[in-house]
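Commentary on secondary and tertiary structure
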Amino acid sequence: MSDLTTTILDRIRDVPDYPRPGVMFKDITPLLGDHAAFSSVIDALADGLAVDKIVGIEARGFILAAPVAYRVGAGFVPVRKKGKLPAEALEASYDLEYGSAVIEVHSDAFSPGDRVLIVDDVLATGGTAQATVELISRAGAQVVGVSVLMELAFLNGRDRLAGVDLRALVVV
Ligand code: PRP
Ligand code: MG
């Protein structure tokens, strides 16, 4: 196991029965609160990137995506839950365990052909990431990959991102 993997796993706290009974919540706040560990994660997510924009997915994706954008010298674009963006926006919906959710991005967030990396904290069922890929493609940009801190492999989210370069710093 690499030093980075150990650093990450040691600082992600499992919280049982949150937000609902039967769910094991992966709490990244101990990792965020450790400067050296947080910096290592940002450096690893930014390593080797040549992109125009980093997209962060509200809310926890913002925490990782914005420093990655700063680190690589790219712009930052927020993908937000419906109703939060002030200007004209494109939207995409995705399924949740119960019901569905809608995310949005500003219609003018990208220049044609912009190379874009999507960053989020966790890939679970892959629904959020899949909807974000579709949204960015419709907005005229080129998705070069999806990078996450943690992939929950048992939920098979990777299967929903066929053809997308999906990278995870840790897989559990
Ligand atoms: C969580 C997590 C990912 C998403 C992964 O976000 O931060 O964005 O779920 O799940 P999926 O792969 O099954 O779509 P959530 O919207 O629950 O909360 P947040 O606003 O705190 O990021
Ligand atoms: Mg999220």
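Description of the structure in this document. Owing to the predicted nature of the structure, the values given are computational and were not obtained by experimental measurement.

1. What about the packing of helix H1 (residues 3-10) against helix H3 (residues 35-46)?
H3 packs onto H1 with a crossing angle of 125° between their chain directions and a minimal axis gap of 10 Å. Taken together, H1 and H3 sit at an angle that is classed as oblique. Helix-helix and strand crossings are classified by hand; for H1 and H3 the assignment is left-handed. Along its contact with H1, which presents Leu4, Thr7 and Ile8, the element H3 presents Ala37, Ser40, Val41 and Ala44.

2. Concerning the packing of aromatic side chains
Considering all chains together, one arrives at 2 aromatic pairs under this definition. When the ring of tyrosine 18 is compared with that of phenylalanine 25, the centres are 5.1 Å apart and the planes differ by 90°; the resulting orientation is edge-to-face.

3. Considering the site of ligand 1
Near ligand 1 you find 13 residues, and of these Lys81, Asp120, Asp121, Thr125 and Thr128 are the closest. Within the contact set of ligand 1, an oxygen atom lies 3.1 Å away from a backbone nitrogen or oxygen of alanine 59. Measuring from an oxygen atom of ligand 1, one finds a side-chain N or O atom of lysine 81 at 2.5 Å. Look at ligand 1: alone it shows 500 Å² of surface, and the protein chains cover 75% of it. Each residue belonging to the shell around ligand 1 can be placed in one class, and the counts come to 4 nonpolar, 4 polar and 5 charged.

4. Overview of the pattern of salt bridges
Applying the stated criterion to the full structure yields 11 salt bridges. Here lysine 26 makes a salt bridge to aspartate 14, at a shortest N to O gap of 2.7 Å. Residue lysine 26 is found in strand E2 (residues 24-27), and its partner aspartate 14 is found in strand E1 (residues 13-16); the two are separated by 12 residues along the sequence. By relative accessible area, aspartate 14 is classed as partly exposed at 41%. Linking lysine 82 and glutamate 91 is a salt bridge whose minimum nitrogen-to-oxygen distance equals 2.7 Å.

5. Structural notes on the pairing of strand E7 (residues 115-123)
In terms of residue burial, E7 counts as a mostly covered element, since 8 of its 9 residues are buried. In this structure, strand E3 (residues 53-57) lies alongside E7, joined through 4 bridges in parallel fashion. Following the sheet pairing, valine 55 is matched in E7 by isoleucine 118. Judged from the 8 bridges that link them, E7 and strand E8 (residues 142-151) form a sheet pairing that is parallel. Bridge pairing in E8 places aspartate 120 opposite valine 148. Between the parallel pair E7 and E8, the chain is carried across by helix H5 (residues 127-138), and the sense of this crossover is right-handed.

What counts as what
- Residues numbered from 1 in each chain as written.
- Chains lettered and ligands numbered in written order.
- Predicted model: local features only at pLDDT ≥ 70, side-chain atom pairs only at ≥ 80, totals over all residues.
- Heavy atoms only, no water.
- Axes fitted to C-alpha atoms, helices over the stretch in contact; angles between N-to-C directions.
- Helix = DSSP H or I, 4+ residues; strand = E, 2+ residues; numbered from the N terminus.
- Parallel < 35°, antiparallel > 145°, perpendicular 65-115°, else oblique.
- Left-handed = near helix turned anticlockwise from the far one by under 90°.
- Contact = heavy atoms within 4.5 Å.
- Phe/Tyr/Trp six-rings, centres within 6.5 Å; stacked < 30°, edge-to-face > 60°.
- Near = heavy atom within 4 Å.
- Polar contact = N/O pair within 3.5 Å; in protein donor to acceptor, adjacent residues only side chain to side chain.
- Areas by Shrake-Rupley, 256 points an atom, 1.4 Å probe, with all protein chains shown as cover.
- Nonpolar A, V, L, I, M, F, W, Y, C, P; charged D, E, K, R; others polar.
- Salt bridge = Lys/Arg side-chain N within 4 Å of Asp/Glu carboxyl O.
- Buried < 20%, exposed > 50% of the residue type's maximum accessible area, 1.4 Å probe, protein only.
- Pairing = 2+ DSSP bridges.
- Right-handed = clockwise from strand over helix to strand, strands pointing away.

Scope: geometric values only; no functional claims are made or implied.
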